[in-house]
There are 4 protein chains.
Amino acid sequence: MRSHSHFRIQMKSLKKTVYEIIEEAAPGNRVSEIFDVFLITLIALNVVALIVGTVEETYQIAPRAFDLFEVISVVIFTVEYLLRVWSCTENPKYAHPVKGRLQFVASPLALIDLLAVLPVYGVFFFNLHGLDLRFLRVVRLLARMVRLGRYFSSLRTLGRVLYTSRSELVAVVSVLFLLLVMTSSMMFFAEHQAQPEEFASIPKAMWWSIITLTTVGYGDVFPVTAAGRLLAGIIAIVGIGLFALPAGILGSAFMEELGKAGNGRTVCPHCGEVIEEE
Amino acid sequence: MRSHSHFRIQMKSLKKTVYEIIEEAAPGNRVSEIFDVFLITLIALNVVALIVGTVEETYQIAPRAFDLFEVISVVIFTVEYLLRVWSCTENPKYAHPVKGRLQFVASPLALIDLLAVLPVYGVFFFNLHGLDLRFLRVVRLLARMVRLGRYFSSLRTLGRVLYTSRSELVAVVSVLFLLLVMTSSMMFFAEHQAQPEEFASIPKAMWWSIITLTTVGYGDVFPVTAAGRLLAGIIAIVGIGLFALPAGILGSAFMEELGKAGNGRTVCPHCGEVIEEE
Amino acid sequence: MRSHSHFRIQMKSLKKTVYEIIEEAAPGNRVSEIFDVFLITLIALNVVALIVGTVEETYQIAPRAFDLFEVISVVIFTVEYLLRVWSCTENPKYAHPVKGRLQFVASPLALIDLLAVLPVYGVFFFNLHGLDLRFLRVVRLLARMVRLGRYFSSLRTLGRVLYTSRSELVAVVSVLFLLLVMTSSMMFFAEHQAQPEEFASIPKAMWWSIITLTTVGYGDVFPVTAAGRLLAGIIAIVGIGLFALPAGILGSAFMEELGKAGNGRTVCPHCGEVIEEE
Amino acid sequence: MRSHSHFRIQMKSLKKTVYEIIEEAAPGNRVSEIFDVFLITLIALNVVALIVGTVEETYQIAPRAFDLFEVISVVIFTVEYLLRVWSCTENPKYAHPVKGRLQFVASPLALIDLLAVLPVYGVFFFNLHGLDLRFLRVVRLLARMVRLGRYFSSLRTLGRVLYTSRSELVAVVSVLFLLLVMTSSMMFFAEHQAQPEEFASIPKAMWWSIITLTTVGYGDVFPVTAAGRLLAGIIAIVGIGLFALPAGILGSAFMEELGKAGNGRTVCPHCGEVIEEE
């Protein structure tokens, strides 16, 4: 009985230590810092291996090494995921042993961690030959990239920028969507007869609209009739100005967000009064 | 005689109720709000159906359903239009039973509503096989999109932006037009002999100018002579800076307009009073 | 003797009237205003005729009409030019009957007026079959467009914008030129062996550089080797940011210039003191 | 013995004179100014000759002249380099006869000067037929361009701009890199089966990503499947806004840097004293 209680106390203290190591490094905790660097390096190498592994010539140099590295990575990611679920009750937010853990598992970050390993087990245990394995590989790769991105402070900055300028972006994107539908409809009616393949329907004409209005202009679809060219010319001049709006909004919001990282207020050095808060 | 007068009073009260329901929902009027949501949904579905209906494979799944939905929509739109014309006299602006109604019918919004249904009747009653039916379909589709756009507050914002920056835009567009004509003329003379098909005339060379200066660059027309390439290089570097001006003007006007919606106020640093609410 | 002196006085008064009519309309001078409108319309029609006349199908409708209109225009432009030279002595700047007139003839605006008519006489009198007549047609057309542009106030605005931001533009353009030469050299060495035709020399590789860095991207020339693509990717990301600089400089200078047209200073409405001169 | 000491003194004075002439012209030193102009002209001509020499037709006009000019240039550059190394001890930074000179030789500017001549000797003396001579030619040409760039004040401005906005640029570029990898992965999985050649691997799909997100859009690679086009459309609209960020950051930093060169000063509205010279 006593040894059991003793074991519980030891477990508790172990859980706390594990929690502190796994969560982002608190300043001064060397073990946690080393663990973080190790995990970031592992994820980064893993992403590089998954990308380089798609080049047939590179993969053929050492296919076993690529596969082995994948297995080792998945084992480590799984252990880390299980330890995270086990120790999450240390976080006051997820304190309840059952409900708290379920809430943690359902949190976006934990779901991404799960998506980074689960597809591999899906292939392993159930031999899902029927399903599209490529899709599982995308999920796995993207989930690991998102995991990697979590350590980029600039991605957090971008997230804040998107959040603060969300109302502007929604306003602009809804205008752009309407513009897209309108220009596609007009070009469909103008070019459908001359190019029944490329402008087969309005949704197909949208491909032309997007590639033109973003100024990419691959050249796989373009108007050939005089009416279509006149229309396309007007659409290009008018629409490109509107399609450049999101870039402008993002740009100025980004600059402002980065400016905030500075001191953010101007003080007159002569009388010491604040002149303007930026 | 009495019942007739009674009927007139009932009609008057009915007209008022109809007017209040059809016009944009006053806060608190539940019936009007429900009617608005119903109409927006109907128009949106209608636009989607018209777009998706151009995809042959999708249309062939249930051609009768598409046609039936179109007929029902047109009937509802027609009834709504007639009710609108009948009840518009409730608006002090269109109070006169005859002159007021004619003024209402001639207002831009009512004309668009009419254009959203009239083409269908044109096809129906007069069997206009000689006319270009495609043109009527574009008119119908665009008119319904504009109807839909009326409920987008961001489109109203864009409208205000275009209005406040109209003098800048006119100034820039007139410069761009002159630039377009000049660069097309120069390229016509430089490339006409080498590519008599693509640079057959100055108006044809304008297609090259627009696609180059907007940086779309499909690649269907490009200079091949040394002189043409030198000229095109200079035009590209100089002209693209000028063709990016409308985007910049729109962008900063848009940001300013959206900023106005915020709390922003400026305080005089001398006396501390509010100078302007932005 | 007396009649001769009388004639001189009459001529003087006539010269003054001609000068006032031909020069830009002073407010209130109806004849001068009508003359200006007439001349602008004539030049505009002339430019349109020259452009539309390059479309073979349009020209063939009435070749005689096009030619006749050209002859009439040239006669009017010539008379106007001669009257301008004769009456320019009314302007204190060109007061001297010989030296003043020579100075006037050598002024840029008068030279452009001369270029707008002279090429026609060159063809007429000297039958210059040996010379490249196309070149004379470009000169004539461009000179008339510049004449037309003189009446666009927005072109004057653009001129001021280019003038005020000339130092920034020169700085940026010199950087861009160096960048252009460097990227072309690198791409020449990377792609010369794989594509000896498209990347035959560094000047030829510059065509690729300009079309890529301005993001036009026709697709007539692009790297095919792995090294070339890696290099092109880096060049695209780095260089496009730099090639967008002139557009940004022009844009903000343009906005500032247009803003100046407003009142240009902010006054606190409470204490009446100027807070900032824009 | 005396003559030896006398010689040392003469050498010292000669070294000082040489140092003053070779280093950037101090105001008033006419000889140094002339030397600078001569050297800039020589380097500029040399760069032009190297570029024009890649055009076969131009080179064949006078191959001996091109080669001779190259030999003369290399001799002058070598002499200048040796004089620079010899006289650098006049600079307090490199005062020590051995250690100072080694430090000077290892400085970036001196290394570039060395790279501008060394490749030629490599070819000359060692007859390096095995090595890739083209690479040496690039190094030589680029090194001479960088030498030329050293005299462009606008390049120094750009350097300062890149330095002051380095943290923003690093933040943005890391986001762009992640975006590039993610979009390439998604497009690889979407298009690999339909276009096994163009989307052979994720690194190959990156070529598509860069060319699309920078809006160059050559049209050599583009999605053909419906899924790929939908994905590409979303990527284009979202990604182009992000890829335009570096241009915006560079642009505003450049404008600010150039503004600093102006007179601009800010005065505190409370006490009227100058707060900062912009």
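Scope of this entry: the structure provided in the associated data block. In this text, all values refer to a predicted model and were calculated from it rather than measured experimentally. (Residues numbered from 1 in each chain as written. Chains lettered and ligands numbered in written order. Predicted model: local features only at pLDDT ≥ 70, side-chain atom pairs only at ≥ 80, totals over all residues. Heavy atoms only, no water.)

Our focus in this paragraph is the relation of the copies chain C and chain B. Of the transformation placing chain C onto chain B, the axial shift is 0.0 Å and the rotation is 90°, giving an RMSD of 0.1 Å. Viewed as a symmetry operation, the transformation between the two copies matches a four-fold axis. (Least-squares fit on C-alpha atoms with pLDDT ≥ 70 in both.)

This part covers the pattern of salt bridges. Summed over all chains, the structure comprises 20 salt bridges over all chains. Across the pair Arg30 of chain A and Glu33 of chain A runs a salt bridge whose closest N-O atoms are separated by 3.6 Å. With Arg30 of chain A and Glu33 of chain A both in helix α2 (residues 30–52) and three residues apart, the pair spans about one turn of that helix. Looking at Arg30 of chain A, the relative accessible area reads 57%, which means it is exposed. A salt bridge links Arg84 of chain D to Glu80 of chain D, with the shortest nitrogen-to-oxygen separation between them at 2.1 Å. Of this pair, Arg84 of chain D and Glu80 of chain D are both found in helix α4 (residues 63–87), four residues apart, which corresponds to roughly one turn of the helix. (Salt bridge = Lys/Arg side-chain N within 4 Å of Asp/Glu carboxyl O. Helix = DSSP H or I, 4+ residues; strand = E, 2+ residues; numbered from the N terminus. Buried < 20%, exposed > 50% of the residue type's maximum accessible area, 1.4 Å probe, protein only.)

A separate point is helix α12 (residues 226–243) of chain D. All names here are of chain D. Taking 1.5 Å per residue as the helical rise, α12 with its 18 residues ought to reach 26 Å, and the 25 Å between its terminal C-alpha atoms agrees with that figure. When the local axis directions of α12 are compared, the greatest deviation, roughly 30°, occurs at Ala236. Of the residues making up α12, those classed as buried are Gly228, Ala232, Gly233, Ile235, Ala236, Gly239, Ile240, Gly241, Leu242 and Phe243. (Expected span 1.5 Å × (residues − 1). Bend = angle between axes of the 7 residues up to and from the residue.)

So, about unusual backbone geometry. All names here are of chain B. Phi is positive for Thr215, close to 65°, though the residue is something other than glycine. Of note, Thr215 is situated in the loop between α11 (202–213) and α12 (226–243). Accessibility expressed as a relative area gives 9% for Thr215, which makes it buried.

Facing the 36 residues of chain C at the interface are 46 residues of chain B. With a shortest N-O distance of 3.6 Å, Arg229 of chain B and Asp220 of chain C are connected by a salt bridge. Where chain C touches chain B, the interface holds four residue pairs in polar contact (both at pLDDT 80 or more). Put simply, the parts of the chain that give the side of chain C that touches chain B at least two residues each are α2 (30–52), α7 (133–149), α8 (153–164), α10 (202–213) and α12 (245–260) of chain C. It is α7 of chain C that contributes the most residues to the side of chain C that touches chain B, eight residues altogether. Among the residues forming the side of chain C that touches chain B, the class breakdown is 25 nonpolar, eight polar and three charged. (Contact = heavy atoms within 4.5 Å. Polar contact = N/O pair within 3.5 Å; in protein donor to acceptor, adjacent residues only side chain to side chain. Nonpolar A, V, L, I, M, F, W, Y, C, P; charged D, E, K, R; others polar.)

Spatial relationships are all this shows, so hold off on functional conclusions.
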